[in-house]
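The primary structure of each chain is shown beneath.
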Amino acid sequence: MKTIRNASDLAINGAPPAFPEPIHVGRPNLGDRERLLAYTAEIYDRRWLTNNGPLVQELERRLADFLGVKHCVAMCNGTVALEIAIRALGLEGEVIIPSYTFIATAHALHWQAITPVFADIDPSTHNLDPDSVRRMITPRTTGIIGVHLWGRPAPIEPLQAIADEHGLALMFDAAHAFGCSHGGRKIGGFGRCEVFSFHATKVFNTFEGGAVTTDDDELAEALRLMRNFGFKGYDNVVYPGTNGKMPEINAALGLVNLESLPRFVNHNRRRYQDYAEALSPLGHLRLLQYRSDQQPNYQYVVVELDRSVAGLRDKIVAALQAENILARKYFWPGCHRMEPYRSLFPHAGLLLPVTEDIASRVIVLPTGNTLPPACPAVCAAVLKSSRDC
Ligand code: T4K
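Considerations on the site of the ligand
Here comes step 1: Around the ligand, the structure places 25 residues, and the nearest of them are Val-25, Arg-27, Thr-79, Asp-173 and Tyr-330.
Here comes step 2: Note that an oxygen atom of the ligand is positioned 2.7 Å from one of the side-chain N or O atoms of His-176.
Here comes step 3: The contact in question runs from an oxygen atom of the ligand to an N or O atom on the side chain of Ser-197, over 2.7 Å.
Here comes step 4: Expressed as a share of its isolated accessible area of 930 Å², the protein-covered part of the ligand is 76%.
Here comes step 5: Listed by contribution, the elements that provide at least two residues to the shell around the ligand are helix 3 (78–88) and helix 4 (103–110).

Considerations on the pairing of strand 14 (residues 362–365)
Here comes step 1: Burial of strand 14 is two-sided: the residues Val-362 and Val-364 facing one way and the residues Ile-363 and Leu-365 facing the other way are all buried.
Here comes step 2: Here strand 12 (residues 301–305) pairs with strand 14 via four bridges, running antiparallel. Directly across from Val-303, in strand 14, lies its bridge partner Ile-363.

Some thoughts on the environment of Gly-68
Here comes step 1: Among the structural elements, Gly-68 can be located in the loop between helix 2 (54–67) and strand 2 (71–75).
Here comes step 2: In this structure the C-alpha to C-alpha distance between Gly-68 and Gly-188, which are 120 residues apart in sequence, comes to 7.7 Å.

Concerning the pattern of salt bridges
Here comes step 1: For the structure on display, the rule yields 21 salt bridges.
Here comes step 2: Here Arg-337 makes a salt bridge to Glu-356, at a shortest N to O gap of 2.7 Å. In this pair, Arg-337 sits in the loop between strand 13 (325–326) and helix 10 (341–344) while Glu-356 sits in helix 11 (residues 353–359), placing the two residues 19 residues apart along the sequence.
Here comes step 3: Counted as one network, the salt bridges with shared partners bring together Arg-286, Glu-304, Arg-307, Asp-357 and Arg-361.

Describing unusual backbone geometry
Here comes step 1: For the bond running from Tyr-330 to Phe-331, omega is -10 degrees, close enough to zero to count as cis.
Here comes step 2: With respect to the helices and strands, the residue Phe-331 is situated in the loop between strand 13 and helix 10.
Here comes step 3: Of the consecutive residues Trp-332 and Pro-333, the connecting peptide bond is found in the cis state with omega at 0 degrees.
Here comes step 4: Mapped onto the elements, Pro-333 comes out in the loop between strand 13 and helix 10.
Here comes step 5: One non-glycine residue, His-126, adopts positive backbone phi at about 65 degrees.
Here comes step 6: Mapped onto the fold, His-126 is located in the loop between strand 4 (115–119) and helix 5 (130–136).
Here comes step 7: Classification of His-126 by relative accessible area gives buried; the value is 1%.
Here comes step 8: For Phe-229, which is not glycine, the phi torsion reads 65 degrees and is therefore positive.
Here comes step 9: Positionally, Phe-229 belongs in the loop between helix 7 (217–226) and helix 8 (248–279).

A look at the state of the cysteines
Here comes step 1: The full count for this structure, using the stated rule, is zero disulfides.
Here comes step 2: Left unpaired, Cys-193 is separated from the closest cysteine sulfur, that of Cys-72, by 12 Å.
Here comes step 3: Among the cysteines around Cys-379, which has no disulfide bond, Cys-375 carries the closest sulfur, lying 3.9 Å off.

A short note on a nonpolar patch on the surface
Here comes step 1: The grouping of Phe-229, Phe-231 and Val-237 at the surface amounts to a nonpolar patch, some 250 Å² of accessible area in total.
Here comes step 2: Counting through the fold element by element, Val-237 comes out in the loop between helix 7 and helix 8.
Here comes step 3: Accessibility expressed as a relative area gives 47% for Val-237, which makes it partly exposed.

Digging into the domain arrangement of the protein chain
Here comes step 1: Examined at the domain level, the protein chain breaks down into domain 1 (33–256) and domain 2 (261–388).
Here comes step 2: The C-alpha centroid of domain 2 is placed 25 Å from the C-alpha centroid of domain 1.
Here comes step 3: Between domain 1 and domain 2, the residue contacts involve 36 residues of the former and 37 residues of the latter.
Here comes step 4: Of all residues in domain 1, Tyr-100, Trp-150 and Val-203 bury the most surface against domain 2, accounting for 24% of the area lost on that side.
Here comes step 5: Put simply, domain 1 and domain 2 have zero salt bridges between them.

Rules of the game
- Residues numbered from 1 in each chain as written.
- Predicted model: local features only at pLDDT ≥ 70, side-chain atom pairs only at ≥ 80, totals over all residues.
- Heavy atoms only, no water.
- Near = heavy atom within 4 Å.
- Polar contact = N/O pair within 3.5 Å; in protein donor to acceptor, adjacent residues only side chain to side chain.
- Areas by Shrake-Rupley, 256 points an atom, 1.4 Å probe, with all protein chains shown as cover.
- Helix = DSSP H or I, 4+ residues; strand = E, 2+ residues; numbered from the N terminus.
- Buried < 20%, exposed > 50% of the residue type's maximum accessible area, 1.4 Å probe, protein only.
- Pairing = 2+ DSSP bridges.
- Salt bridge = Lys/Arg side-chain N within 4 Å of Asp/Glu carboxyl O.
- Disulfide = S-S within 2.5 Å.
- Patch = residues over 30% accessible without salt bridge, like charges linked within 9 Å, V, L, I, M, F, W, Y side chains within 5 Å.
- Domains from an automatic or database assignment.
- Contact = heavy atoms within 4.5 Å.
- Buried area = accessible area lost by both parts, 1.4 Å probe.

As structure tokens, then:
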């Protein structure tokens, strides 16, 4: 492994890369291979591949237990889970969301002819700013979708108070927050419902997958029917449903990975501590911190550059990538600057100064099960030296 002392040691300046293979943000965490193969053989023998099979039902029970919620409805991915939850809650008109999120949060509304209205975020948490949410409410508003960005809980109680005051439905996009907690309670039981992504890149994955969790019996029933075209028994459709079903093979990986989740989170926590130690001497950036009363999953290692060096971000990311560290600029430039929203709402940015500022300064670094132990120190050396390259 080369030592990076200054800019001339960087691969972007012609030196060899620090790592021979790409190191990805979102490299999948995988549990026991033999257990997965055993489940696969079972699926094969049983010839029950999808449509609410026994492994999906078992995964749903285990997830509901783990999250401390009454109902967990497994889905084929997080985006369809969002769409179904939005439909099952009867949202329409306008729904308030952050712009600083993955595009799926906005698209899930747009696909149902609902207008996403972008509220600004709190600079210290990157999550929705309740005051901005209040300002976005109009007579057409029917709901709020809070996002637990980076696995840090959205401001749950203030958002619930706003929702109650204005008669709005509150749900959460919990795609990043599997295994995280708020006030001693696991994310999953807040708002009317919460939506998880179990995509390959998430701390807990089922290849592709997702789930909606809720304590509301009626809502759970609607979610279950809607994910299967709206069928209630044979030959009887009671909702305009879709196909949101999770296949058995996905549930099998879920069962395997759930067993290894404590190991995945522990591993991420140790890597996060390595990053914290390696980055602490650098004055031109800060590593995103977690509150001591909130249990994180450490799935995203988020670095915020100082404003004084924000203009160097692309150069810094390019320097990391040249070392085979495939850092990302999530969630730049914000949903409001992507289509169709930038054409629909060309002036949205005027009301989103914090989103624009944060989105221009964040770099997400790799972590996960397969992260080479040297990566945090190399990232710190690159971040230090690439200022001068
Ligand atoms: N809400 C929020 C807040 C979300 O963040 C997401 C998804 C959703 C909703 C929607 O949930 P899903 O419908 O996806 O279940 C990735 C993921 O595809 C996406 O799931 C995730 N958020 C988003 C934050 O990240 P991309 O476009 O950055 O993915 P990609 O292909 O660039 O992969 C990221 C890195 O991971 C790459 O360096 C390659 C590596 N990778 C990826 C896959 C799939 C692997 O090493 N192995 C793999 O199998 O969106």
